[in-house]
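# Summary of the model geometry
Listed here are the chains, written in short residue letters.
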Number of protein chains: 2
Amino acid sequence: MNPNDLNERKLQILQAIIADFITTGEPVGSRSLSKSHDMGISPATIRNEMSDLEEMGYLTHPHTSAGRVPSDKAYRLYVDELMDTSQLDEADKQKIRTKLLESRNELDSTIEHAAELLSDMTNLTSFVLMPRKDESKLKYINFLPVDSNTVVLMIVAEDGQVMNRAIRLTSPYTEENLQLMSKVMTHNYMGKSISAVMAMDIIDSFTNDMESLSNLAQDVVPSFLKTLEKMLNADLVMNGYSNIFSLPEFSGDMQKTQQFLRMLEDKNRLTDVIVNRDKGVMITIGDENSEDMKDLSLITADYRVNGELVGRLGVIGPTRMKYGKVTSVIKYISDNISQTFELKEKNDVKEEHNDDGSTEADS
Amino acid sequence: MNPNDLNERKLQILQAIIADFITTGEPVGSRSLSKSHDMGISPATIRNEMSDLEEMGYLTHPHTSAGRVPSDKAYRLYVDELMDTSQLDEADKQKIRTKLLESRNELDSTIEHAAELLSDMTNLTSFVLMPRKDESKLKYINFLPVDSNTVVLMIVAEDGQVMNRAIRLTSPYTEENLQLMSKVMTHNYMGKSISAVMAMDIIDSFTNDMESLSNLAQDVVPSFLKTLEKMLNADLVMNGYSNIFSLPEFSGDMQKTQQFLRMLEDKNRLTDVIVNRDKGVMITIGDENSEDMKDLSLITADYRVNGELVGRLGVIGPTRMKYGKVTSVIKYISDNISQTFELKEKNDVKEEHNDDGSTEADS
DNA sequence: GTTAGCACTCAGGTGTTGAGAGTGCTAACA
DNA sequence: TGTTAGCACTCTCAACACCTGAGTGCTAAC
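Rules used in this analysis
Residues numbered from 1 in each chain as written. Chains lettered and ligands numbered in written order. Predicted model: local features only at pLDDT ≥ 70, side-chain atom pairs only at ≥ 80, totals over all residues. Heavy atoms only, no water. Helix = DSSP H or I, 4+ residues; strand = E, 2+ residues; numbered from the N terminus. Expected span 1.5 Å × (residues − 1). Buried < 20%, exposed > 50% of the residue type's maximum accessible area, 1.4 Å probe, protein only. Core = buried A, V, L, I, M, F, W, Y, C linked by side-chain atoms within 4.5 Å. Contact = heavy atoms within 4.5 Å. Polar contact = N/O pair within 3.5 Å; in protein donor to acceptor, adjacent residues only side chain to side chain. Near = heavy atom within 4 Å. 1 Å grid on protein atoms, 1.4 Å probe; cavity = no way out; pocket = protein on both sides within 12 Å on 5 of 7 lines; lining within 4 Å. Points joined across faces, edges and corners; volume = space filled by probe spheres on them. Nonpolar A, V, L, I, M, F, W, Y, C, P; charged D, E, K, R; others polar. Salt bridge = Lys/Arg side-chain N within 4 Å of Asp/Glu carboxyl O.

## Things to note about helix 6 (residues 107-122) of chain B
Residues and elements named next belong to chain B. Here helix 6 is 16 residues long and its end C-alpha atoms lie 22 Å apart, about the 22 Å a rise of 1.5 Å per residue gives. Burial analysis of helix 6 places twelve of its 16 residues in the buried class, the great majority of the element. Every buried residue belonging to helix 6 is among Leu-107, Ser-109, Thr-110, Ile-111, His-113, Ala-114, Ala-115, Leu-117, Leu-118, Ser-119, Met-121 and Thr-122, and all of these are buried. One or two residues past the end of helix 6 sits Asn-123, with phi positive at roughly 60°.

## So, the nonpolar core
By size, the foremost hydrophobic cluster in this structure holds 155 residues, and its most contacted members are Tyr-323 of chain A together with Tyr-323 of chain B. Sequence-distant contacts of Tyr-323 of chain A, defined by excluding residues within four places in its chain, comprise Ile-22, Tyr-75, Tyr-78, Val-79, Met-83, Ile-283, Ile-285, Ser-297 and Ile-299 of chain A.

## Some remarks on the environment of Ser-242 of chain B
For Ser-242 of chain B, the location among the structural elements is in the loop between strand 7 (235-239) and helix 11 (248-251). Once you skip the residues sitting within four places of it in the chain, Ser-242 of chain B turns out to touch Arg-262 and Glu-265 of chain A. Polar contacts involving the side chain of Ser-242 of chain B include one to the side chain of Glu-265 of chain A, which spans 2.4 Å.

## Some words on the protein's contact with DNA strand C
Near DNA strand C there are 22 residues, and of these Ser-30 of chain A together with Arg-9, Thr-45, Thr-64 and Ser-65 of chain B occur at the shortest range. Within 4 Å of the protein, the atoms of DNA strand C are drawn from sugar and phosphate moieties in a proportion of 77%. At a separation of 3.1 Å, a sugar or linking oxygen of DNA strand C approaches a polar side-chain atom of Thr-64 of chain B. For DNA strand C, a base oxygen lies 3.0 Å from a polar atom in the side chain of Ser-65 of chain B. Of all the secondary structure elements, the ones that give two or more residues to the surface near DNA strand C are helix 2 (30-36) and helix 3 (43-55) of chain A together with helix 3 (43-55) of chain B.

## Topic: empty space enclosed by the protein
All names here are of chain B. Taken as a whole and assessed by the stated rule, the structure comprises three cavities of 30 Å³ or more. For the largest cavity, the calculated volume is near 70 Å³. Around the largest cavity, the lining residues are Phe-250, Lys-256, Gln-259, Phe-260, Met-263, Asp-292, Asp-295 and Leu-296. Tallying contributions element by element places helix 12 (residues 254-265) first for the lining of the largest cavity, with four residues. The residue inventory of the lining of the largest cavity, partitioned by class, reads four nonpolar, one polar and three charged.

## Quick look at helix 7 (residues 175-189) of chain B
All names here are of chain B. Here helix 7 contains 15 residues, and its C-alpha end-to-end distance of 21 Å stays within 8% of the 21 Å for a straight helix at 1.5 Å per residue. Along helix 7, the positions that sit buried rather than exposed are Glu-175, Leu-178, Met-181, Ser-182, Val-184, Met-185, Thr-186 and Tyr-189. Just past helix 7, the residue Gly-191 takes up positive phi, approximately 80°.

## Let's talk about the protein's contact with DNA strand D
Of all residues adjacent to DNA strand D, which total 22 residues, the nearest are Arg-9, Thr-45, Thr-64 and Ser-65 of chain A together with Ser-30 of chain B. The sugar and phosphate moieties of DNA strand D supply 76% of its atoms located within 4 Å of the protein. Note that a phosphate oxygen of DNA strand D is positioned 2.8 Å from one of the side-chain N or O atoms of Arg-9 of chain A. Contacts to DNA strand D include Thr-64 of chain A, whose side-chain N or O atom sits 3.3 Å from a sugar or linking oxygen. Elements supplying a minimum of two residues to the surface near DNA strand D: helix 3 of chain A together with helix 2 (30-36) and helix 3 of chain B. Counting residues per element, the surface near DNA strand D draws most heavily on helix 3 of chain A, at four residues. Here the residues of the surface near DNA strand D sort into four nonpolar, 13 polar and five charged.

## A few points about the pattern of salt bridges
Inspection of the entire model under this criterion finds 24 salt bridges over all chains. A salt bridge links Lys-10 of chain A to Asp-52 of chain A; its shortest N-O distance comes to 3.2 Å. Placement of the pair is Lys-10 of chain A in helix 1 (residues 8-24) and Asp-52 of chain A in helix 3, with a sequence separation of 42 residues. Here Asp-52 of chain A falls in the partly exposed class, since its relative accessible area comes to 30%. With its nearest N and O atoms 3.8 Å apart, the salt bridge here joins Lys-325 of chain B to Asp-92 of chain B. Of this pair, Lys-325 of chain B sits in helix 14 (residues 323-348) while Asp-92 of chain B sits in helix 5 (residues 90-101), placing them 233 residues apart in sequence. Owing to a relative accessible area of 17%, Asp-92 of chain B belongs among the buried residues under this scheme.

Structure follows, in structure tokens:
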């Protein structure tokens, strides 16, 4: 368990096995190991050490006459103690910076580009999450006329999140009612958090107090609540799921491929898993994950905007992945996003602006 | 070529072969055919007919000693002349109606539900497209303050389409400038079509005429253009891509599966294909499609809102699919969407409302 | 025109075999 | 006592042969 159980040589051998296995995907034998990594000991000695390592749980054996394969425990040790996370060369860094700068003024496209970079550079499936926050407060609510029986509901939160939705009405509306509704709802919910508003008994408040609006409210409130709910739900974007076909562990095994893709298709489940991970860079390997991901690894990191935690991005792939490279890519990308959107602030704010929300109060 | 070339018996045999092959996926032999469909002729006779049909291009032979498989031409004939598109029983219809009614007031979720229904009931990959229209005209443009260096751009079109995007500014803004910008842009572009606005030289107009706004314009106009572009681009939603794993033609063939999924992952390409199809129910089979879909079939149909063409939905799968059933499902769903959003109008409009856009003119 | 009979074809499953890569054990060596 | 060479053994994998079943095409008889 404790890496101190392992003497220098065992560690060296383990590292060599992991490195070889990660690049080739083939079980590593004693002879080929002694050839590729010249460490001045014979295959027989390596075999003895391997046997010990297996007993300690760091290696496994697909079958008697196969080479050794690192266990999840070995990957854990590797990730914690052995791996090199500074594998990004200047060209890679340049590539990341360039692509992210392309869309520096728009958070949304920056995020999309980040996902693309991530799957391209790791050759794995990447995802990006824009978590919505319960605590984010409403700023204004607005209903816009579209045609005789359709309106658009628009909700803006203080943190800049905007959500809109077309609503079909069952009874006709008047322009005045619509404006009144916008005003009343903005007045009632401005400054309140999304979750707080969702907990209120909204329909009732209209039927009781505002006779004239109750018809409109019947149509509009359910959609309003659904829209709030959608604002709370994190939005998951995925990229490069067909990358798995280039991995030998999948390309031979239809069963596994199918399982992987079905897992990805259940977005709610996956979102849940990602949302509930620890902050910062987090790596979970094989059986550290839940049952349905037990031979996959997950690496995630957070990105910030204005120093505030806003989202999470990461990759998912087989336990055999280039942890060092992948981790450095993820780190570099997330830091870069965070920095881009932080630097600006420091440089740019020369003048404080008035932000009392008055723009919308008269609409 | 002409189905008149085929006598009654040939047609009957061809139909039987197609039916068998669609359900089993196995090449159909003369003996098994004569057993399953009792048509009072011996296998030998069937063989002769099959041989004729093959010569005419309706059947093919995977190899000498295999049964016959329908060609794309046969499917074409089947779809045009033989298939039964009234295969939906009341339970299925009920299921569709119920699910679509769940979200009757919101177009967006209705569409999502439609996609789910479609892939569930056909066991294929479904997609739904919300085409944006070049001709849709802008209604208002609004910039909303978020924090000291972020604003949200919101564009509303006359047809109810709303698009928003967070923009990071490189230089600070004032509340007044923001409001002015909203007013100016709304004034300039209101009533113009998206494509017309995109063709205009927007930045120039600011640097020349509006000195005070030129800084803000520098930051904001590129994002404005990108957002317009996004409004033009159709938004493709897909569902059930892992359904292909249950199909024998894929589950044995990794190559094919990979090709299929890679094709689906290229959304731009796929969107293009779908956008450019004919109106109404359209079925394209095998080599009637482009090279990369030459052993797939595509069925699409349009749905309307207020009698106006707004979107398209469909499925994609192997040429061996239950054309009758699938077509009826697609038809029923698209009709149902269209009807839901048409019926309402007829029932509900008792009062004409004022729609001069004045709500936003003073914001 | 239809059918029975028969020779022929071919994919796919099964069994066998040999090569190759690897292990574990033992005995010798430093 | 740790290291190594040697060797028997194991297991996968690819190649090969073989068989079976399903199917065809052809021919001759009905």
